[in-house]
Amino acid sequence: MPPNLIPFTSSVLAKFNRRRVSPTDTGRPELPAEIWIHIVDMMTPEERDNTKGVNRLFFEAAMNDKYRNLSLVSQDGFNFVETMEKLLMPGVATRVRTLTIWPEDICRAIYPEKDERPRFKTVPVDKKPDTRRKKAKGRTFKKDDSPEPEYTVIQLPNLPKPPARLQMFKEALRGLINLEELSIKRRCRLEYPTRPLPAQISSFLPICMQECIWPAVKKSVRKLTLDVDNRLFEAFIPEPKHFPRSIQHLVLVNLPDEMIPFVRQLTSSETGSLDKLSIEGDCQTLWSALEIMPNLRDLELRVPARIIQQTTQPWIDPMHKLLADNAGFIQHLSIIPVEKEYVTESFGYTGIITEPWYHRLGRRDSPKSLHELKSIKVSFPWRGELTPLSREWTRILDYYTSLGQYATSLTVQELLTPTALESTLSAFALVRQRPLQELYLNVQILSPGVVETIIETYPNLVKLHMKFDKLLPDEVWPSLFEPSKPSTPEAILAKILQQIKERKYHPCPSLTDISLMTYVQGNGLRYHLPLMKAYAEVFPSIVSFAGVRDASEEGLALLEPKKVFLDATSDSAWS
């Protein structure tokens, strides 16, 4: 069943199947409810909203899309009351799957600091119903002489007092019994790091968390994101009876030390079911406190660049110790530096070192190798400041290759120059313990020779996904650099397609899927279908583009990332 729809209960499906109409009565084929759900899942949210009157399933899908994401981030009292009234309506709260809440702003919406001014609303004036003579005249003459609609301004009713708002907040959150993702953040911490915490918020947070949120989500929430100030954590930790034991994905941003016992409970095999952990920031104390996590399968680390570059011994350094202790459980690893600063450290040696200390974590004879690793995603720090031939860059590349020698899927998030691409491909190929099957790259220049190098380096490749900035032929094309006769993009593409057809590529019978995307000015990322078709003619084993068989321009356009422009002045909670 599609995950983005509500989990339709068996009773709803059975009731819908019993009401199916015979083809002899309607002239349409008889379809079971499961087929209707699949049809609905293939539609865009706008199309679902336009077709919600077709039947019950279309209506349920449209309502689920409308109320799926809830954001309680506004300090406006009118917006808060309107949202709570909507949540208290039957069948609305049970459709919410994602909740983002900023406790400080919600506190100000419940307890306003200033007197709230009355608000007004413009509404149309009710017209008298048309007489029969006027209706007949309208049908006879094409010209519409009806007057313009009139509007009037009315005053909205006064908002409830703070105690009543708090009661509405409690009752509304109790209805979020199907919530799957919960994100708690403090926005003002980012804007005003030294801003004092109001005493009213300190007293509101225990009520918000212990009486409202934790009891409602302790059985249903699967993903929890925490990014708040450490002064809020004393009242944040749930009581034992409200401990969320169903969390599978935990996201921590700049975690304070006060939350370590709570995280240890979530990662414990006895009290938690956590299988994915995402950590951002320098959390050395947390890494040291975490023990072996047998349920952990996915680990994402967004750490300062200096931590990746440091040369402390792996059995002493907290991050390397965390990887070593869970080497037998981690299947998916992501290491992304979040700082662009350039740090030069003294490594205490002279000359060329072929095996730094931290390389021992992934040595072939090391018992702590990540031998269960299936995929690895990496990025290089200090983008644009280090050349691929620099010592720091090669050290980090050496560390990444030591970690990913057993992985069958490799993702390099950094934009690679031709020199960096060649170094990265050869470095991962030298330490390979298992054949690489999936490769995801972001390259600066794509040419026929680049694909040939990839195929020769990894002959067992099954899936190749590349994003490129520029498309150039192999040799230096004179007309590319002649100002008097500039080459058009169409001419460059025709030259490259000709080179692809004429080049004798190394056979790769395992390659079944290829995906090539480029940045188009004003449109973002777009699939390059002519280029993918050219490679499909050279490699007959390719049967799909971006995982889609018989792909077309319209079909691939549905998979492309869409630009979304948010209204910064909007206070709508359902966005």
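Let me sum up the structure you'll find in this document.

1. Focus: the pattern of salt bridges
Inspection of every chain in the model, using the stated rule, returns seven salt bridges. Residue Lys321 pairs with Asp325 through a salt bridge whose shortest N-O separation is 2.9 Å. Placement of both Lys321 and Asp325 in helix α15 (residues 318-325) is noted, with a separation of four residues, approximately one turn of the helix. A salt bridge links Glu452 to Arg503, with the nearest nitrogen and oxygen atoms 2.2 Å apart. With a gap of 51 residues between them, Glu452 in helix α18 (residues 448-457) and Arg503 in the loop between α19 (489-502) and β15 (513-520) connect regions that are remote in the sequence.

2. Concerning unusual backbone geometry
Despite not being glycine, Ala546 has its phi angle at roughly 55°, a positive value. One can find Ala546 in the loop between β17 (544-545) and β18 (548-549). Despite not being glycine, Asp550 shows a phi value in the positive range, around 50°. Along the chain, Asp550 turns up in the loop between β18 and α21 (553-557).

3. Comments concerning the packing of aromatic side chains
Tallying each qualifying case throughout the model produces eight aromatic pairs. Connected via pairs of aromatic rings, a cluster forms that spans Phe380, Trp393, Tyr399 and Tyr400. Across from the ring centre of Tyr505, 6.0 Å away, lies the NZ or CZ of Arg503, which sits over that ring.

4. A closer look at the side chain of Ser375
Locating Ser375 in the fold gives a position in strand β11 (residues 375-378). Judged by its relative accessible area of 18%, Ser375 falls in the buried class. Of the polar contacts made by the side chain of Ser375, one reaches the side chain of His332; its length is 2.7 Å. Ignoring sequence-local partners within four residues, the contact set of Ser375 consists of Gln331, His332, Leu333, Ala407 and Ser409.

Definitions and limits used
Residues numbered from 1 in each chain as written. Predicted model: local features only at pLDDT ≥ 70, side-chain atom pairs only at ≥ 80, totals over all residues. Heavy atoms only, no water. Salt bridge = Lys/Arg side-chain N within 4 Å of Asp/Glu carboxyl O. Helix = DSSP H or I, 4+ residues; strand = E, 2+ residues; numbered from the N terminus. Phe/Tyr/Trp six-rings, centres within 6.5 Å; stacked < 30°, edge-to-face > 60°. Lys NZ or Arg CZ within 6 Å of the ring centre and 35° of its normal. Buried < 20%, exposed > 50% of the residue type's maximum accessible area, 1.4 Å probe, protein only. Polar contact = N/O pair within 3.5 Å; in protein donor to acceptor, adjacent residues only side chain to side chain. Contact = heavy atoms within 4.5 Å.

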